[in-house]
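Letter by letter, the chains look like this.
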Amino acid sequence: QEEAQAGALRVARALAEAVDTQLREVEANLTVLTISDALQKRDFASFHKQALSFQASTGLGTVVVLDEHGQQVVNTSQPFGTPLAALGNRAPAMPIILSGKPMARMVNAPSSGKPIAVVGVPVRIDGKVRFALSTAVGFHRFNDLLRRQSLPPSWIVVILDPRVRTKPYGKT
């Protein structure tokens, strides 16, 4: 039984590292996008096009730019120019603006209510955090990680967010 527990612990650590690696890759991609001339110049129409290209090339979800008041200024799920919701402090990416640090956390998607990971980074202009740039990472992206582990069919994987809320991920 000790050997089985040790094996399960090794698998859990490997899965945690794989998930963290995938989230860090998304963060790195977003960080590169923050230095876009269009975003730095607040040309949101041009940036919207760039964000759509980013979304298509990475397979990630909706890209959102949030200002320091919690107003969405870009949301790739909507055509540019569509009035966007002011989320205020309820915006999933607001902690990025307040802390000036990247973030990854789990939230329920506004459209579907399904759990998603939101990864975001601060956008600095003239040294000050002016926006948060974030994208959604659907849990389907983690399926390959599970398949590579060849976990027993009876196992259930649970991912914990920073606030220690559990979200069932599914059977392997």
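Our subject is the structure listed above.
None of these values were measured; they are calculated from a predicted model.

*Asks:* Even after reading the chapter, I still don't get the overall build of the protein, so can you show me in this structure?
*Replies:* What the protein contains, in helices and strands, is five helices and seven strands. Each helix and strand of the protein, placed in order from N terminus to C terminus, yields the pattern α-α-α-β-β-α-β-β-β-α-β-β. Referenced to the eigenvectors of the C-alpha coordinate spread, the extents of the protein come out at roughly 60 × 30 × 25 Å. Of the contacts made within the protein by residues no fewer than 6 positions apart, 51% connect residues no fewer than 24 positions apart. With an accessible surface of roughly 10,000 Å², the protein has 54% of that area assigned to carbon and sulfur atoms.

*Asks:* Whenever I open this one, unusual backbone geometry confuses me. Can you help?
*Replies:* Glycine aside, residues mostly have negative phi angles, and peptide bonds mostly take the trans form. Of note in the backbone geometry, arginine 42 takes a positive phi value of approximately 60° without being a glycine. Here arginine 42 is to be found in the loop between α2 (37-40) and α3 (44-58). A relative accessible area of 41% means that arginine 42 is categorised as partly exposed. Here aspartate 126, not a glycine, exhibits a phi torsion of approximately 55°, which is positive. Looking at the element boundaries, aspartate 126 is found in the loop between β4 (115-125) and β5 (128-138). When its relative accessible area of 77% is taken as the criterion, aspartate 126 is described as exposed.

*Asks:* Please clarify how α3 should be interpreted in this entry.
*Replies:* Because each turn of an α-helix spans 3.6 residues, side chains separated by three or four positions in sequence point in the same direction. Between its first and last C-alpha atoms α3 spans 20 Å; for 15 residues at 1.5 Å apiece the expected length is 21 Å, and the two agree. Residues of α3 that are buried make contact with α1 (2-33), α2, β1 (63-67), β2 (72-75) and β5. Where α3 ends, the next residue or the one after it, glycine 59, has phi of about 75°, a positive value.

*Asks:* Got a minute to help me understand the environment of valine 119 in this structure?
*Replies:* Note that valine 119 resides in strand β4. Distance in space between the C-alpha atoms of valine 119 and glutamine 55 is 13 Å, their sequence separation being 64 residues.

*Asks:* In this structure, what is going on with the side chain of glutamine 72? I would like to understand it.
*Replies:* You can see glutamine 72 is positioned in strand β2. Residue classification places glutamine 72 among the buried positions, given a relative accessible area of 9%. Side-chain polar atoms of glutamine 72 contact the side chain of asparagine 75, separated by 2.6 Å. In terms of polar contacts, glutamine 72 uses its side chain to reach the backbone carbonyl oxygen of alanine 85, at 3.3 Å. With residues near it in sequence (within four places) discarded, glutamine 72 still touches Val64, Val65, Leu66, Leu84, Ala85 and Leu87.

Thresholds, definitions, all that
Residues numbered from 1 in each chain as written. Predicted model: local features only at pLDDT ≥ 70, side-chain atom pairs only at ≥ 80, totals over all residues. Heavy atoms only, no water. Helix = DSSP H or I, 4+ residues; strand = E, 2+ residues; numbered from the N terminus. Contact = heavy atoms within 4.5 Å. Areas by Shrake-Rupley, 256 points an atom, 1.4 Å probe, with all protein chains shown as cover. Buried < 20%, exposed > 50% of the residue type's maximum accessible area, 1.4 Å probe, protein only. Expected span 1.5 Å × (residues − 1). Polar contact = N/O pair within 3.5 Å; in protein donor to acceptor, adjacent residues only side chain to side chain.

All we've got here are geometric facts, nothing functional implied.
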